[in-house]
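Residue-level listing of the chains:
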Amino acid sequence: MFPDRAPSNPIFCALDRADPEAVLGLARQLRGRVGGFKLGLEFFLANGPDGVRAVAAEGMPLFLDLKLHDIPNTVAGAVRAIARLPVAMTTLHASGGAAMLRAARRARDESGTPLRLLAVTVLTSLEEPDLAALGMTGEVTDRVLRLAAVALEAGIDGLVCSPLEVAAVRARFGDAPLLVVPGIRPAAGPDDQKRTASASAALGAGADILVIGRPITAAADPRAAADGIRRGLAEAV
Ligand code: C5P
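All values derive from a computational prediction rather than experimental measurement.

Parameters and conventions
- Residues numbered from 1 in each chain as written.
- Predicted model: local features only at pLDDT ≥ 70, side-chain atom pairs only at ≥ 80, totals over all residues.
- Heavy atoms only, no water.
- Axes fitted to C-alpha atoms, helices over the stretch in contact; angles between N-to-C directions.
- Helix = DSSP H or I, 4+ residues; strand = E, 2+ residues; numbered from the N terminus.
- Parallel < 35°, antiparallel > 145°, perpendicular 65-115°, else oblique.
- Left-handed = near helix turned anticlockwise from the far one by under 90°.
- Contact = heavy atoms within 4.5 Å.
- Salt bridge = Lys/Arg side-chain N within 4 Å of Asp/Glu carboxyl O.
- Buried < 20%, exposed > 50% of the residue type's maximum accessible area, 1.4 Å probe, protein only.
- Patch = residues over 30% accessible without salt bridge, like charges linked within 9 Å, V, L, I, M, F, W, Y side chains within 5 Å.
- Areas by Shrake-Rupley, 256 points an atom, 1.4 Å probe, with all protein chains shown as cover.
- Lys, Arg positive; Asp, Glu negative; His and termini not counted.
- Charge placed at Lys NZ, Arg CZ, Asp CG, Glu CD.
- Core = buried A, V, L, I, M, F, W, Y, C linked by side-chain atoms within 4.5 Å.
- Near = heavy atom within 4 Å.
- Polar contact = N/O pair within 3.5 Å; in protein donor to acceptor, adjacent residues only side chain to side chain.

> Would you mind going over the packing of helix H6 (residues 140-153) against helix H7 (residues 166-173) with me for this structure?
When two helices pack together, their arrangement is given by the angle between the helix axes and by the axis-to-axis distance. Running from N to C, H6 and H7 cross one another at 45 degrees; their axes reach a closest spacing of 10 Å. Between H6 and H7, the interaxial angle falls into the category oblique. Between H6 and H7 lies a crossing of right-handed hand. Side by side, H6 and H7 meet where Thr141, Val144, Leu145, Ala148, Ala149 and Leu152 of the first sit next to Ala168, Val169, Arg172 and Phe173 of the second.

Shown next, in the form of C-alpha cells:
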C-alpha cells in the first residue's frame, strides 16, 4: 500500500474529479503506469471515506490531499480520522503553525499507522505579486524554506513545494524530508499553475514524488500521456 522512499515510478496522478465513475475509470486505465494516485478535496467532498476505499481497492498507493489548516485540536481529530483510511500520505498547511503541526504528528503517532504527513509550503499557483497582495513580501524561496523549517522541526515527514524550490530545500535540509512536487508542466502553460517545471527537471533537482494531474487526465489518451512522461524521465536519468 505504501510507496517506497525511492519509488520505481515517482508519478502520482492527481485524479481531480468529483464523479466516482470517472475517477475509477482513470484509476483502472492508469494502474501500473503511475506510482500512485492523489485524491483531493473535490473527490473527497463528493464521495467521502467510502469513495477513498473504492479507489484504494484498485491496489495503488493513495495520497489524500486535504490540506488541513485549523486549530491544533481540530487538525489532530482530522488526522485521526484520515489515519483510519487506506491512504499513504496526507497534507496540512505549514502556515497553520508549529502547535498545529505537532498536534497532527502526535495524532498520527498515536494512531499507530504509517500515514505520512506532508506540509504544504507555498501553493504552486501563487507567485510573488499574489503573495505581496496578501501582505507577504519577500522571495518565495525564502518563505518556502522558513515554512519548511517550522514543519520539519515539528516532526512532519515531508514537504510539498514547487519544482522551483526543490534544489534549495534539499540544499538546506538534506535527503531526509520526503519531497512531493506538483506544478509539473512540459512548458509554462496557460492554466492556474505558475511556479512550474518539467518532470525531469523536478526529479533532477531532488524531488521524490511528482504530482501530475491535468497533463495526464486531460490528455486525449491518459495512458499514452503517463507513459510518455515516464519515458522522458527514464531518458533524462
Ligand atoms: O492538474 P495539476 O497537475 O495542476 O494538478 C496538481 C495537483 O496538485 C492538484 O490536485 C493540486 O491540488 C495539487 N497541489 C498543488 N500545489 C500544491 C499542493 C497540491 O498544485 N502546493
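> What am I meant to see in the pattern of salt bridges here?
Side chains that differ in charge, positive against negative, can pair when their charged atoms come close. Taken as a whole and assessed by the stated rule, the structure comprises 15 salt bridges. Between Asp65 and Lys38 there is a salt bridge, and its shortest N-O distance comes to 2.6 Å. Of this pair, Asp65 sits in strand E3 (residues 62-68) while Lys38 is found in strand E2 (residues 36-40), placing the two residues 27 residues apart along the sequence. Each member of the pair Asp65 and Lys38 is classed as buried. We note a salt bridge from Arg214 to Asp192, for which the minimum N-O separation is 2.7 Å. Placement of Arg214 in helix H9 (residues 214-217) and of Asp192 in the loop between strand E7 (178-181) and helix H8 (199-205) is noted, with a sequence separation of 22 residues between them. On the basis of relative accessible area, Arg214 is assigned to the partly exposed category, the value being 39%.

> I would appreciate a short explanation of a negative patch on the surface in the present structure.
There is a patch of like negative charges on the surface, built from Glu127, Glu128, Glu139 and Asp142. Following the sequence through the fold, Glu128 ends up in helix H5 (residues 128-133). Owing to a relative accessible area of 38%, Glu128 belongs among the partly exposed residues under this scheme.

> I would appreciate a short explanation of the nonpolar core in the present structure.
Residues Leu15, Leu30, Phe37, Leu39, Leu210 and Ile216 are the most contacted members of the largest nonpolar core, which totals 63 residues. Broken down by element, the residue count for this core peaks at six residues, all from H6. Excluding residues within four positions of it along the chain, Leu210 makes contact with Pro10, Ile11, Phe12, Val181, Ile184, Ala199, Ala202, Leu203 and Leu233. The next biggest cluster of nonpolar side chains, apart from the first, holds twelve residues, and it includes Phe12, Ala14, Val160 and Leu178.

> It is not clear to me how the site of the ligand should be interpreted in this structure. Could you clarify?
Within the structure, the ligand sits among 17 residues, and Asp16, Lys38, Arg185, Gln193 and Arg214 are positioned closest to it. Residue Asp16 places a side-chain N or O atom 2.6 Å away from an oxygen atom belonging to the ligand. Gly213 places a polar main-chain atom, nitrogen or oxygen, 2.8 Å from an oxygen atom of the ligand. Broken down by secondary-structure element, the contributors of at least two residues to the shell around the ligand are E3, strand E8 (209-212) and H9.

> Honestly, the packing of helix H1 (residues 20-30) against helix H2 (residues 41-56) in this entry has me stumped. Any pointers?
Packing of H1 against H2 leaves a shortest axis separation of 10 Å and a crossing angle of 45 degrees. One finds that H1 runs oblique with respect to H2. Relative to H2, H1 is oriented so that their crossing is right-handed. Listed contacts from H2 to Pro20, Val23 and Leu24 of H1 are Phe43, Asn47, Ala54 and Val55.

Everything listed is a geometric property; what it means functionally is a separate question.
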